[in-house]
Number of protein chains: 2
Amino acid sequence: MTAAQRPTLEEVARQAGVSRATVSRVVNGSTTVAEPIQEAVRRAVAELGYVPNLAARSLVTQRTDSVALVLPEAATRVFSDDQVFPGLIRGAAQELEAADKQLVLMLAGSPAGHDRVTRYTTGRHVDGVLFASLHGEDPLPGRLARLGIPVVCSGRPLDAADVPYIDVDHIGGVARATRYLIDNGRRRIATIAGPQDMVAGIERLAGYRDTVVAAGLPQMIEYGDFTRESGTIAMRRLLAAYPDLDAVFAASDLMAHAALRALHEAGRRVPEDVAVIGFDDIETAAYTEPPLTTVRQPIVELGRKMTRLLLALADGAEVERAVVLPTELVIRQSA
Amino acid sequence: MTAAQRPTLEEVARQAGVSRATVSRVVNGSTTVAEPIQEAVRRAVAELGYVPNLAARSLVTQRTDSVALVLPEAATRVFSDDQVFPGLIRGAAQELEAADKQLVLMLAGSPAGHDRVTRYTTGRHVDGVLFASLHGEDPLPGRLARLGIPVVCSGRPLDAADVPYIDVDHIGGVARATRYLIDNGRRRIATIAGPQDMVAGIERLAGYRDTVVAAGLPQMIEYGDFTRESGTIAMRRLLAAYPDLDAVFAASDLMAHAALRALHEAGRRVPEDVAVIGFDDIETAAYTEPPLTTVRQPIVELGRKMTRLLLALADGAEVERAVVLPTELVIRQSA
DNA sequence: TTGTACGCGTTATCAA
DNA sequence: TTGATAACGCGTACAA
């Protein structure tokens, strides 16, 4: 059970009676090796159980064939039953699969975690880095870009770093949702906003604000952090502060779900007394009571696009610096 | 924006007017360097923006300070709103955080993905590998173990590989749940079982079987794959096949949730007409209608324990080959 | 088509 | 305390 001394190219070469270079060629699929020799090498590889040392390989090739997806969040948040991160991951995984590259997922919730990720990525352990869910003005994307490491962010970076990014049309989507509420006769429209250190939080609030202000309606705002817990608290506060509200736009489906329950507890009927609209269109949205009307963002597509951009960047191609994907209002029964 | 030639130890050494070895010592926090020299080196590092090349380092140290968590599942599955994988990941992340090691998450849903993970892990890109959710007789854990790479599985590996594993008491938990149903007067108890190529699926079914058989009750079984979709289908089939059933044990909370809805659609009241019990105790379980009675498994703790075991293994310690964590029946309103 | 020889950027050993 | 120097395991011009 002790670590069997692992064989190197050298030993395989000796066993096969050829040179290191030839073994290397066979292992890497070069066609310029005579068939019988290939055969001998392959047998030696199998007999010795040879596996290339990736560190040594990437030291000389300067590539690792892997790409990091960095989520500057605690695992708790990333894997709430929010489907946003998962969707992103799926999209990235699909594209990387096609490119035969390894996806390396890194969470960086704590400062120490952030440091570790910094070391790992700046240390050239990966060929490129995808960022999602950036908080505040994280300097890491800009820093990596300056180090010449390909980087793509989801969401416009809040520090003004010149890093390519992809985002969805938060403002347009929320404006459409809010207008829909207004068109349906709602006049006291509240919002449970997202965290204001993230682009998604900021812009979704802006979409709400712009629309109610333009319609001459009052602003009624409470803040959450996209989680259910925060949604519950915010909804209760809204009910206390504005007992006559007749609609709520929540900046995430999880918060909308919590709002649904809080409203139910408070004896309000949805959508009769209060209309509710969420944002994301996570899987659970179709299962809430009543099913949730929400703004769908093409999250998987976002993950795919980010990844394609990154791969292009890594290939030295010129790429668009900013891409914005459309959102869509999905009407169910809560509004 | 072109990849600035990244500085090496050599260049830092030249800039600081010392040798490579000294720079290496400072970078790695050796105390045997005179203070003024340390200062000079640090300045040179900062000026040049030096970052150690991890490939070169691990080539000589034989360590990478990172650990892989392999999930042989498609991203779709891993990140359903099932909280099981996330919990595992959180547990692992916590422990690795404490050990200052990097968690590298790898999904391996497709055969190609599995190959990639094989290459990555056997290539010594990580210091150890955690496996979760193994399907069938995956040979990879055993293979890694034979290569001398520390490995720990969650759930007993189905091939008889001598790999340390941690699992939860599926059988005991399900038996308790089933007995609870019997004690409450249920006599026509059905089950939505999990996939039979996974330990969790097999053992949860065994727990149900043993208990109903021991009580002289009939077995009523449909199979799902832990997802909601499969739960919906299975529940409908059960209703068609056994219209008089009065209880259902579902092998996952997602399937239980789907069953709740399917029963509702079929006009059955829960728990009056049909009692429902799930397995997992995911966050959503407290939010279903009615809130779900379920078997809680200490999933975060499982992730932590796995990781501690792995780290001990990597330190060359002797470890237990099998650990089983207890499960607990959480009674809410669905049964 | 095959082999020789060098270099990738570190760490570690050993002298000084 | 510091500095040469030898690995670490591999890929690849270049030569044969």
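Reading the values: the criteria
Numbers given for residues are sequential positions, taken from 1 along each chain in its written order. Chain labels run from A onward and ligand labels from 1 onward, assigned in the order the entries are written. In keeping with the model being predicted, local features are shown solely for residues with a pLDDT of at least 70 and side-chain atom pairs are shown and tallied solely at 80 or more, while totals for entire chains, interfaces and linings include all residues. Side-chain descriptors were evaluated using all non-hydrogen atoms of the structure, hydrogens and water having been removed beforehand. We call a residue near a molecule or strand when any one of its heavy atoms sits within 4 Å of it. Pairing of N or O atoms within 3.5 Å defines a polar contact, subject to two protein rules: one partner must be a possible hydrogen donor and the other a possible acceptor, and residues neighboring in sequence count only if both atoms are side-chain atoms. Under the scheme used here, helices are H or I runs from DSSP no shorter than 4 residues and strands are E runs no shorter than 2 residues, and both carry numbers assigned from the N terminus. Amino acid classes used here: Ala, Val, Leu, Ile, Met, Phe, Trp, Tyr, Cys and Pro are nonpolar; Asp, Glu, Lys and Arg are charged; the rest, including Gly, are polar. Here, a salt bridge means any side-chain nitrogen of Lys or Arg that lies within 4 Å of a carboxyl oxygen of Asp or Glu. Summary of the burial criterion: residues with accessible area below 20% of their type's maximum are buried, those above 50% are exposed, and those between are partly exposed, where the area comes from a 1.4 Å probe applied to protein chains only. Residue contacts are counted whenever heavy atoms from the two residues lie within 4.5 Å of one another. By definition here, a helix of n residues has an expected span of 1.5 Å times n minus one. Here the buried area means the combined drop in accessible surface, using a 1.4 Å probe, for two parts upon being joined, counting both sides. Alignment of the copies relies on least squares applied to C-alpha atoms, considering only residues that score at least 70 for pLDDT in both.

Looking at an unreviewed UniProt entry, chain A carries the name LacI family DNA-binding transcriptional regulator, with the source organism given as Micromonospora antibiotica.

Caption draft 1: Region of interest: the protein's contact with DNA strand C. Taken together, 29 residues lie around DNA strand C, and Thr22, Arg25 and Ile37 of chain A together with Leu9 and Ser24 of chain B are the ones closest in. Of all DNA strand C atoms lying within 4 Å of any protein atom, the proportion belonging to sugar or phosphate reaches 65%. One nitrogen or oxygen atom from the side chain of Thr22 of chain A is found 2.6 Å from a phosphate oxygen belonging to DNA strand C. Ranked by the residues each element gives to the surface near DNA strand C, the list is headed by helix H4 (residues 54–61) of chain B, at 5 residues. Among the residues making up the surface near DNA strand C, the classes are represented as 15 nonpolar, 9 polar and 5 charged.

Caption draft 2: The pattern of salt bridges, seen in detail. If you walk through the whole model with that rule in mind, you get 44 salt bridges over all chains. Across the pair Glu97 of chain A and Arg116 of chain B runs a salt bridge, and its minimum N-O distance is 3.2 Å. Within this pair, whereas Glu97 of chain A is found in helix H6 (residues 84–98), its partner Arg116 of chain B is found in helix H7 (residues 111–122), the two belonging to separate chains. Judged by its relative accessible area of 8%, Arg116 of chain B is buried. Asp281 of chain A is the partner of Arg296 of chain A in a salt bridge, and the nearest nitrogen-oxygen pair spans 2.7 Å.

Caption draft 3: Fine view of the environment of Pro72 of chain A. Residues and elements named next belong to chain A. Topologically, Pro72 is positioned in the loop between strand E1 (66–71) and helix H5 (75–78). Note on Pro72: relative accessible area 11%, which makes it buried. Separated by 31 residues in sequence, Pro72 and Val41 place their C-alpha atoms 45 Å apart. Apart from the residues within four sequence positions on either side, Pro72 is in contact with Ala108, Ala132, Ser133, Leu134 and His135.

Caption draft 4: Structural detail: the protein's contact with DNA strand D. Taken together, 28 residues surround DNA strand D, and among them Leu9 and Tyr50 of chain A together with Thr22, Arg25 and Ile37 of chain B come closest. In this structure, a phosphate oxygen belonging to DNA strand D sits 3.1 Å away from a side-chain N or O atom of Asn28 of chain A. If you list the elements that add at least two residues to the surface near DNA strand D, you get helix H2 (20–27) and helix H4 (54–61) of chain A together with helix H2 (20–27) and H4 of chain B. Among the elements that make up the surface near DNA strand D, the one with the highest residue count is H4 of chain A (5 residues). Residues of the surface near DNA strand D, tallied by class, amount to 14 nonpolar, 9 polar and 5 charged.

Caption draft 5: Fine view of helix H9 (residues 170–183) of chain A. Residues and elements named next belong to chain A. Taking 1.5 Å per residue as the helical rise, H9 with its 14 residues ought to reach 20 Å, and the 20 Å between its terminal C-alpha atoms agrees with that figure. When H9 is considered as a whole, its buried residues turn out to be His170, Gly172, Gly173, Val174, Ala177, Thr178, Leu181 and Ile182. A positive phi of about 90° marks Gly185, the residue just after H9.

Caption draft 6: Here's a closer look at the interface of chain B and chain A. Facing 56 residues of chain B, the contacting portion of chain A comprises 56 residues. In total, about 5200 Å² of surface goes out of reach between chain B and chain A, with carbon and sulfur atoms giving 54% of it. The partner of Arg116 of chain A in a salt bridge is Asp100 of chain B, and the shortest N-O contact between them spans 2.9 Å. Connecting chain B to chain A are 15 residue pairs in polar contact (both at pLDDT 80 or more). Mapped onto the side of chain B that touches chain A, the elements with two or more residues apiece are H4, helix H5 (75–78), helix H6 (84–99), strand E2 (102–107), H7, helix H8 (140–146), helix H11 (228–241) and helix H12 (253–265) of chain B. Considering every element that reaches the side of chain B that touches chain A, the biggest residue donor is H7 of chain B, with 7 residues. Partitioned by chemical class, the residues of the side of chain B that touches chain A number 24 nonpolar, 17 polar and 15 charged.

Caption draft 7: Just the relation of the copies chain B and chain A, in detail. With an RMSD of 0.1 Å, the fit of chain B onto chain A corresponds to turning through 180° and sliding 0.0 Å along the axis. The transformation relating the two chain copies, once decomposed into turn and shift, fits a two-fold axis. When the interface residues of chain B are mapped onto chain A, 98% of them are again interface residues, pointing to one common binding face.

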